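Here's the letter readout for the chains.
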Amino acid sequence: MSLNIAICDINPYHLNETLSEVMKFCKSIDVKPTVSTYREHTQLLKDFIKTEFQILITNTHLEKVSGIDLARKINILYPKTRIIFVMEENQFTTDVYTVDHLYSVFRSNISQLSNAMQKYFDSIDNNTNCLSLSFKGKTSIIPFKNIVYIEKSLRKALFYTTQGNYETYRSTEEILGALPNHIFVQCHRAFLVNMLFIKDVNSTEISLYNGHLIPVGRNYLPHVKDALTRIEHVNL
């Protein structure tokens, strides 16, 4: 997953501290971001022209310009960029609420930046072609196209993907709600499958291109066949 992050702070120590927190969080979810750091806003704005930053982390107090005013400008010019404010407690102002931003973090509690980053990744489910899976404190970002099938086992959901296997706690209803229904279909009370990986279907099981076989329930078979017919007419 490509992720471009910009960090802006006039204080070099604080800049490195924020960078360290960002890299620590991204390492925990197996994401390798491209991070650009800035001591002032002029070069940042120039780089925005050539780089699509998904996240801007900025101090509310910058040299020559307010970080809030900078964020307001980014809201207008690059509305897809999510903004995270970092501020000193004695510099808090309600003006931050006049700007569309993802999260605000006090410098004294910079470890909370991980919550802000997590909030960004949680929003990916609804805004991109990826699914975020959290299990035992670790979050992984999986493109829909890489998910081969999902198996429910008691409370756990096991995701079998082209990049490895993952576990999480989600109900079947939650999974169905997060996945695009023109690609995924429930074929059994305990299985959902990415139809792009289906090689063949018979009355009892589905054969996948990777050689795996998964069961198909009698009551689900008509729905699977109908979905496979419809997917042929979908522009993927």
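Quick notes on the rules
Residues numbered from 1 in each chain as written. Predicted model: local features only at pLDDT ≥ 70, side-chain atom pairs only at ≥ 80, totals over all residues. Heavy atoms only, no water. Buried < 20%, exposed > 50% of the residue type's maximum accessible area, 1.4 Å probe, protein only. Helix = DSSP H or I, 4+ residues; strand = E, 2+ residues; numbered from the N terminus. Pairing = 2+ DSSP bridges. Axes fitted to C-alpha atoms, helices over the stretch in contact; angles between N-to-C directions. Core = buried A, V, L, I, M, F, W, Y, C linked by side-chain atoms within 4.5 Å. Contact = heavy atoms within 4.5 Å. Parallel < 35°, antiparallel > 145°, perpendicular 65-115°, else oblique. Nonpolar A, V, L, I, M, F, W, Y, C, P; charged D, E, K, R; others polar. Expected span 1.5 Å × (residues − 1). Arc of directions from axis to C-beta. Polar contact = N/O pair within 3.5 Å; in protein donor to acceptor, adjacent residues only side chain to side chain. Patch = residues over 30% accessible without salt bridge, like charges linked within 9 Å, V, L, I, M, F, W, Y side chains within 5 Å. Areas by Shrake-Rupley, 256 points an atom, 1.4 Å probe, with all protein chains shown as cover. Salt bridge = Lys/Arg side-chain N within 4 Å of Asp/Glu carboxyl O. Phe/Tyr/Trp six-rings, centres within 6.5 Å; stacked < 30°, edge-to-face > 60°.

S.K.: Is there a simple way to explain the pairing of strand β6 (residues 130–135) in this structure?
M.R.: For a regular strand, side-chain orientation follows a simple rule: the groups alternate between the two sheet faces. The buried fraction of β6 is high, at 5 of 6 residues. In terms of strand pairing, β6 meets strand β7 (residues 138–143) through 6 bridges, oriented antiparallel. Along β7, the bridge assignment pairs Cys130 with Pro143.

S.K.: What should I look at first to understand the sheet that holds strand β15 (residues 213–215) in this one?
M.R.: Note: strands within a sheet are paired through backbone hydrogen bonds, in either parallel or antiparallel orientation. Ordered by their spatial adjacency, 3 strands build an open sheet running β13-β14-β15, and the pairing between neighbours is antiparallel. Strand pairing shows two members of the sheet lacking a second neighbour, β13 (198–201) and β15, which therefore form its edges. Recorded for the sheet is a direction-independent mean angle of 25° between the axes of neighbouring strands. Taken together, the 3 bridges between β13 and strand β14 (residues 205–208) define a ladder with antiparallel strand orientation. Within β14, the position partnered with Asp200 by the bridge is Ser207.

S.K.: What is the right way to read the nonpolar core from this model?
M.R.: The nonpolar side chains of a soluble globular protein tend to be buried with one another. One finds Ile5, Ile57, Ile84, Met117 and Phe121 to be the most contacted residues of the largest nonpolar core, which totals 23 residues. Counting only elements with at least two residues in this core, the list comes to β1 (4–8), α1 (12–28), β3 (55–59), β4 (82–87) and α4 (113–127). Considering every element that reaches this core, the biggest residue donor is α4, with 5 residues. Excluding its chain neighbours within four sequence positions, the residues that come into contact with Ile5 are Val22, Cys26, Pro33, Thr34, Val35, Ser36, Phe53, Ile55, Ile57 and Met117.

S.K.: Before we go on, may I ask you to explain the packing of helix α2 (residues 41–50) against helix α3 (residues 67–77) in this structure?
M.R.: The relative placement of two packed helices comes down to the angle between their axes together with the axis-to-axis distance. Remark: α2 packs on α3, axes separated minimally by 12 Å, with the N-to-C direction vectors making an angle of 10°. Relative to α3, α2 is oriented roughly parallel. Contacts from His41, Leu44, Leu45 and Phe48 in α2 reach Leu70, Lys73 and Ile74 in α3. Residues belonging to the contact of α2 with α3 are distributed by class as follows: 5 nonpolar, 1 polar and 1 charged.

S.K.: Before we go on, may I ask you to explain α1 in this structure?
M.R.: Owing to its 3.6 residues per turn, the α-helix brings residues three or four apart onto one side. If you check α1, its first and last C-alpha atoms are 25 Å apart, about what 17 residues at 1.5 Å a residue would give, namely 24 Å. Of all the residues in α1, the buried ones are His14, Leu15, Thr18, Glu21, Val22, Phe25 and Cys26. An end-on view of α1 places all buried positions within 130° of arc, on one side of the element. Opposite its buried face, α1 presents the exposed residues Tyr13, Lys24 and Lys27, each directed more than 90 degrees away. By the N-cap criterion, in which a side-chain oxygen at the helix start approaches the backbone nitrogen of a residue two or three places on, α1 is capped by Asn11, the distance to Tyr13 being 2.8 Å. Among the residues trailing α1, Asp30 stands out with phi positive, at a value near 60°.

S.K.: How do you make sense of the environment of Ile5 when you look at a structure like this?
M.R.: Within the element layout of this structure, Ile5 appears in strand β1. Residue classification places Ile5 among the buried residues on the basis of a relative accessible area of 0%. Sequence separation between Ile5 and Ile142 is 137 residues; the distance between their C-alpha atoms is 19 Å.

S.K.: What is the right way to look at a nonpolar patch on the surface in this model?
M.R.: Together, Phe92, Tyr97 and Phe106 make up an exposed nonpolar region whose accessible area comes to about 330 Å². By secondary structure assignment, the location of Phe92 is in the loop between β4 and β5 (103–106).

S.K.: Would you take a moment to explain the packing of aromatic side chains for this structure?
M.R.: Here the structure, examined in full by the defined rule, presents 8 aromatic pairs. Consider the rings of Phe92 and Phe106, whose centres lie 6.3 Å apart with planes at 70°: the pair is edge-to-face. Of this pair, Phe92 sits in the loop between β4 and β5 while Phe106 is found in strand β5, placing the two residues 14 residues apart along the sequence. Overall, the relative accessible area of 37% leaves Phe92 in the partly exposed class. For the ring pair Tyr149 and Tyr160, a centre distance of 4.5 Å and an interplane angle of 20° mean the geometry is stacked. Here the residue Tyr149 occupies a position in strand β8 (residues 147–153), and Tyr160 occupies one in strand β9 (residues 156–161), the gap between them amounting to 11 residues. The residues Tyr149 and Tyr160 share a single accessibility class, namely buried. Each residue in the set Phe25, Tyr120 and Phe121 is aromatic and connected to the rest through ring pairs, giving one cluster.

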